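Residue strings, one per chain:
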Amino acid sequence: MKIQIINGPNLNLLGVREKSIYGNSSFDVYLEELRKRYPDVEIEYYQSNIEGELINKLHEIGFSFDGVVMNAGAYTHTSVAIADAIAAINTPVIEVHISNVYKREEFRHHSMLAASCRGVIAGFGLDSYRLGLESFLIS
Ligand code: DQA
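Criteria and thresholds
- Residues numbered from 1 in each chain as written.
- Predicted model: local features only at pLDDT ≥ 70, side-chain atom pairs only at ≥ 80, totals over all residues.
- Heavy atoms only, no water.
- UniProt positions renumbered as here; feature names shortened; annotations may be inferred.
- Helix = DSSP H or I, 4+ residues; strand = E, 2+ residues; numbered from the N terminus.
- Buried < 20%, exposed > 50% of the residue type's maximum accessible area, 1.4 Å probe, protein only.
- Contact = heavy atoms within 4.5 Å.
- Near = heavy atom within 4 Å.
- Polar contact = N/O pair within 3.5 Å; in protein donor to acceptor, adjacent residues only side chain to side chain.
- Areas by Shrake-Rupley, 256 points an atom, 1.4 Å probe, with all protein chains shown as cover.
- Nonpolar A, V, L, I, M, F, W, Y, C, P; charged D, E, K, R; others polar.

As annotated in an unreviewed UniProt entry, the protein carries the name 3-dehydroquinate dehydratase and is attributed to Mucilaginibacter mallensis. Among the UniProt annotations of the protein, the heading Pathway (unreviewed entry) holds the following wording: "Metabolic intermediate biosynthesis; chorismate biosynthesis; chorismate from D-erythrose 4-phosphate and phosphoenolpyruvate: step 3/7." Under the Subunit (unreviewed entry) heading, UniProt states for the protein: "Homododecamer."

Printed below as a string of structure tokens:
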């Protein structure tokens, strides 16, 4: 099984950025734990702060991987272009969020991407990524 994790803007600052919302752990440390926990799953990781680069990555892997676990950060709430890219590829995408976006500002309540995704997971801290990955193991 081949899973691509994609993180969007500002998620390179995990462990540094707004720790009360996003926690103390860097994504690299979490990723190592995830790879140890699922040694049989090939987990690739990509992060970019640039919308077009996220789209290029979806195109690049979108016909070869088994699944994508994507946290598009703030682009979740704004990007028609990322929604179109998700709809264009064959690989199913799970939208994930570290925080419970529904408990936060109203502009975070709407996702442009969710309708093109297989499902959405929000509010479980970094474990949202693990739950996204596990969803591909059960279906
Ligand atoms: C986020 C929630 C978004 O609203 C925000 O812009 C982020 C992170 C989350 O993981 O909780 O950058 O996607």
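Along the chain, Lys57 turns up in helix H3 (residues 51–61). Overall, Lys57 belongs to the buried group, its relative accessible area being 13%. In this structure, Lys57 is in contact with Gln4, Ile6 and Tyr46, ignoring residues within four places of it in sequence.

Near the ligand, the surroundings consist of Arg17, Tyr22, Asn71, Gly73, Ala74, His77, His97, Ile98, Ser99, Val101 and Arg108. Arg17 has a polar side-chain atom sitting 3.1 Å from an oxygen atom of the ligand. Within the backbone of Ala74, one N or O atom sits 3.2 Å away from an oxygen atom of the ligand. With the chains in place, 99% of the 320 Å² that the ligand exposes on its own is no longer accessible. Its residues assigned to classes, the shell around the ligand comprises 4 nonpolar, 5 polar and 2 charged.

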